[in-house]
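Listed here are the chains, written in short residue letters.
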Amino acid sequence: MTDMIVADQLVKDFGEKRAVDQVSLTVKRGEVLGFLGPNGAGKSTTMKMLTGFLKPTSGQASIAGHDVSTASMAARKVLGYLPEGAPLYPDMTPWSLLHFCAEVRNVPSELRRRRVIESIERTNLQSVVMQSIDTLSKGFKRRVGLAQALLHDPEVLILDEPTDGLDPNQKHEVRELIREIAPDKAIIISTHILEEVDAICSRAVIIADGRVIADGAPSQLAEQSPLFNAISVVLSTDKVQQARSILEALDDVQEVRVQSLAGGLAKLTVVPAASRLILNPVISTLGEAKLEAISIRPEASALEDLFRQLTVSPDKQEAA
Amino acid sequence: MGTLFTVAKREFSGYFATPIAAIFLIIFLAVSAAFTFFVGYFLERGNADLQVFFNFHPWLYLFFAPALSMRLWAEERRQGTIELFLTLPIPLWAAVLGKFLAAWLFLGVALILTFPMWVTVNILGQPDNGVILASYLASFLMAGGYLAIGSCLSAATKNQVIAFVLTVTVAFVFTAGGAGFLTNLISEFVGKSVLDAIAEISVLPHFNQIVKGVIALKDLAYFVALILAWLLGAMAVIDYKKAG
């Protein structure tokens, strides 16, 4: 498999500040890379360098083997890009904007109409195609941006927060769309929605302060979190003390965290020692003690926990 | 070549997407007529020519051209669309030239709409229509020069007001450098060779030559060079800004 997107030690300085520091990554065909990081971590700046919009202070980037600074035109031809915030010409309609992009991208005139209609259908823009972009909601604007990026069926897609501003249904649609087209493309999406990474990404890269601090399959990354295989138990507050002490007494349990919830309820997070499977022992222990729980389920936020651990600086963590 | 045309077309139709085009055209025509009749005493002079009409053009463009060119790049930067625009497979020269041509064509339309002046003078007398045609050419070329200056300065900022003010200032230097009152003033301090050099890069002497009906290669080359130099400048500014 060829590396369709390559970042090789990208560095970007804005004045004194180093926004991106030695970021290297590769994305192969068929991969969807989720680019994670807190706001201001350097995600968008890295993506701008990958598309050739910003020149790196040092390092190189290439798209489908074309260096983005020396073979910029060839790189741009095979690239679909949704910039941060989906900027679009407000006085155009989705229809005229997509036609403009198709013309610029040298789509033969007899195919142009069909391509434009296809990308309108794929992003569900039918109801607004003739409305000026100015008057569209944030969700529609984002989808026009996506339609523009997908128009020429590019081999490489770089999407900066493609689901930002969409409602849950629209998010779902966009994720389905990305999943559908993923097998024969190389895709980078940036997001700060971690469930999205679980849902569509084959790989996740976490960056903080301009540096890559984790790179791997989402499940692999989740394993690095102490919360991997943790169990969460919700029960009423009066039972918390007892439940906590008997659960902590279990061999495979390392610690039990308590968090109070609304309505006289509390959530216990039972953290296993060495990621052991503890669902059954937890259930049976609570059952034997006749402690009725409202819910017992695997803790889903391992990736989120890792993300917080890695990206919140120690002094902030203490404060929180 | 195809993308150049596509960019120019999009940009040109952009003027008509808002009332800006209509407002611009109306004010341009009103002001150019007002200058001609009330300041230039077009009728009272009794000459069947458009000399006074064209004499005001350098000063007219000083404000109208920057008003058109200020949005070319500054607006793209402010709205962020520049990121979309510059990552489409459009060569930089085509992006810069396409935007410039759209603005130039638009001012060309404004200029063509002054034809009632030409009709009037032909009704009132028998003007030298060759000279008038040359004057229109000179005016159009000069407009191009100012718009090229404006393109470059618009690329340097995301603030349209700053782009406007900068362009008026630079265009003023290029215009007034050859104007009598200014040359008289600085001739006190500098030698003739410096004066000649300033006059050489100034718009006015070249404009005045063509307006007289003398179309010399030297003057045409001046305008072409002026436009190209500033458009290359615009490309350099955009490229420089990529370095952040």
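What you see is a predicted model, and the numbers here were worked out from it, not measured in a lab. All residue numbers here refer to positions counted from 1 along the written sequence of the relevant chain. Both sets of labels track the order of writing: A upward for chains, 1 upward for ligands. Local features in this predicted model are restricted to residues whose pLDDT is 70 or higher, and side-chain atom pairs enter the listing and the counts only when it is 80 or higher, whereas totals over whole chains, interfaces and linings include all residues. Note that the side-chain values use all heavy atoms of the structure and ignore hydrogens as well as water.

The next thing to look at is the overall build of chain B. A tally of regular secondary structure across chain B gives 15 helices and zero strands. Relative accessibility thresholds used throughout: buried, under 20% of the residue-type maximum; exposed, over 50%; partly exposed, between the two (1.4 Å probe, protein chains only). Residues classed as buried in chain B amount to 50% of the 244 residues present. A fraction of 77% describes how many contacts in chain B between residues 6 or more apart in sequence connect residues 24 or more apart. Element-wise, carbon and sulfur atoms account for 74% of the exposed surface of chain B, whose accessible area totals about 10800 Å². The numbering of helices and of strands both runs from the N terminus, where a helix is a DSSP run of H or I of at least 4 residues and a strand a run of E of at least 2. By definition, residues are in contact when any of their heavy atoms lie within 4.5 Å. Areas reported here follow the Shrake-Rupley algorithm with a probe of radius 1.4 Å; residue values treat only the protein chains shown as occluding.

It is worth spelling out the overall build of chain A at this point. A tally of helices and strands in chain A yields 12 helices and 14 strands. Dimensions of chain A, computed from C-alpha atoms along their principal axes, come out at roughly 75 × 45 × 35 Å. Restricting to contacts in chain A with at least 6 residues of sequence separation, those with at least 24 account for 67%. Of the roughly 14500 Å² of accessible surface on chain A, a fraction of 48% belongs to carbon and sulfur atoms. If you average the places of the 35 positive and of the 42 negative side-chain charges in chain A, the two averages end up 4 Å apart. His residues and chain termini do not enter the charge count, which takes Lys and Arg as positive and Asp and Glu as negative. Positions of charges follow a simple convention, taking NZ of Lys, CZ of Arg, CG of Asp or CD of Glu.

Here we come to the pairing of strand β13 (residues 265-272) of chain A. A regular strand places its side chains on the two faces of the sheet in alternate fashion. Residues and elements named next belong to chain A. Counting buried positions along β13 yields seven of eight residues, so the element is predominantly enclosed. Two strands are said to pair when DSSP picks up at least two bridges between them. Pairing between strand β11 (residues 231-236) and β13: six bridges, direction antiparallel. Of the residues in β13, the one forming a bridge with Val-234 is Lys-267. By the bridge criterion, eight bridges tie strand β12 (residues 253-261) to β13 in an arrangement that is antiparallel. By the bridge assignment, Val-256 is partnered in β13 with Val-270. The hairpin formed by β12 and β13 contains three residues between the paired strands, and Gly-263 there has a positive phi angle of roughly 75 degrees.

With that settled, consider the interface of chain A and chain B. Taken together, the contacts link 25 residues of chain A with 26 residues of chain B. When chain A packs against chain B, close to 2600 Å² is buried across both sides, 63% of that on carbon and sulfur atoms. We count a salt bridge whenever a side-chain nitrogen from Lys or Arg sits within 4 Å of a carboxyl oxygen from Asp or Glu. Linking chain A with chain B are three salt bridges. Note that Lys48(A) and Glu83(B) form a salt bridge whose closest N and O atoms lie 3.5 Å from each other. For the purposes of these results, a polar contact is taken to be a pair of N or O atoms within 3.5 Å, where, inside protein, one atom must be able to donate a hydrogen and its partner to accept one; residues adjacent in sequence count only when each atom of the pair is a side-chain atom. Along the contact surface separating chain A from chain B lie 10 residue pairs in polar contact (both at pLDDT 80 or more). Mapped by element, the contributors of at least two residues to the side of chain A that touches chain B are β1 (3-14), α1 (43-51), α2 (72-77) and α3 (94-104) of chain A. Ranked by residue count, the leading element in the side of chain A that touches chain B is α3(A), at four residues. Summed over both partners, the accessible area lost on bringing two parts together, with a 1.4 Å probe, is the buried area.

Attention now goes to the domain arrangement of chain A. The domain limits used here are those given by an automatic or database domain assignment. Each assigned domain of chain A is listed here: domain 1 (3-223) and domain 2 (231-300). Relative to domain 2 of chain A, the C-alpha centre of domain 1 of chain A lies at a distance of 41 Å.

So, about the sheet that holds strand β4 (residues 58-63) of chain A. Residue and element names in this part refer to chain A. Taken in spatial order, the four strands line up as β2-β1-β4-β5 in an open sheet, and their pairing is antiparallel. What marks the edges here is a single partner per strand, and that holds for β2 (17-28) and β5 (66-67). One ladder, built from five bridges, connects β1 with β4; its direction is antiparallel. Looking at the pairing, Ile-5 lines up with Ile-63 of β4. The axes are straight lines fitted to the C-alpha atoms, using for helices just the contacting stretch, and the angles between their N-to-C directions are given from 0 to 180°. Each of β1, β2 and β4 is contacted by α1, which is oriented at about 120 degrees to β1, the strand it contacts most.

For the rest of this paragraph, the subject is the packing of helix α5 (residues 57-69) of chain B against helix α10 (residues 129-154) of chain B. Residue and element names in this part refer to chain B. Contact geometry for α5 and α10: axes closest at 9 Å, N-to-C directions at 40 degrees. Relative to α10, the element α5 is oriented oblique. When you trace α5 past α10, the crossing you get is right-handed. Residues His-57, Pro-58, Tyr-61, Leu-62, Ala-65, Leu-68 and Ser-69 of α5 pack against Ser-139, Met-142, Ala-143, Tyr-146, Leu-147, Gly-150, Ser-151 and Ser-154 of α10. Each residue belonging to the contact of α5 with α10 can be placed in one class, and the counts come to nine nonpolar, six polar and no charged. An angle below 35 degrees is treated as roughly parallel, one above 145 as roughly antiparallel, one from 65 to 115 as roughly perpendicular, and anything else as oblique. Left-handed describes a crossing whose near helix is turned anticlockwise from the far helix through less than a right angle; right-handed describes the clockwise counterpart. Ten residues, namely Ala, Val, Leu, Ile, Met, Phe, Trp, Tyr, Cys and Pro, are considered nonpolar, four, namely Asp, Glu, Lys and Arg, are considered charged, and the remaining ones, Gly among them, are considered polar.

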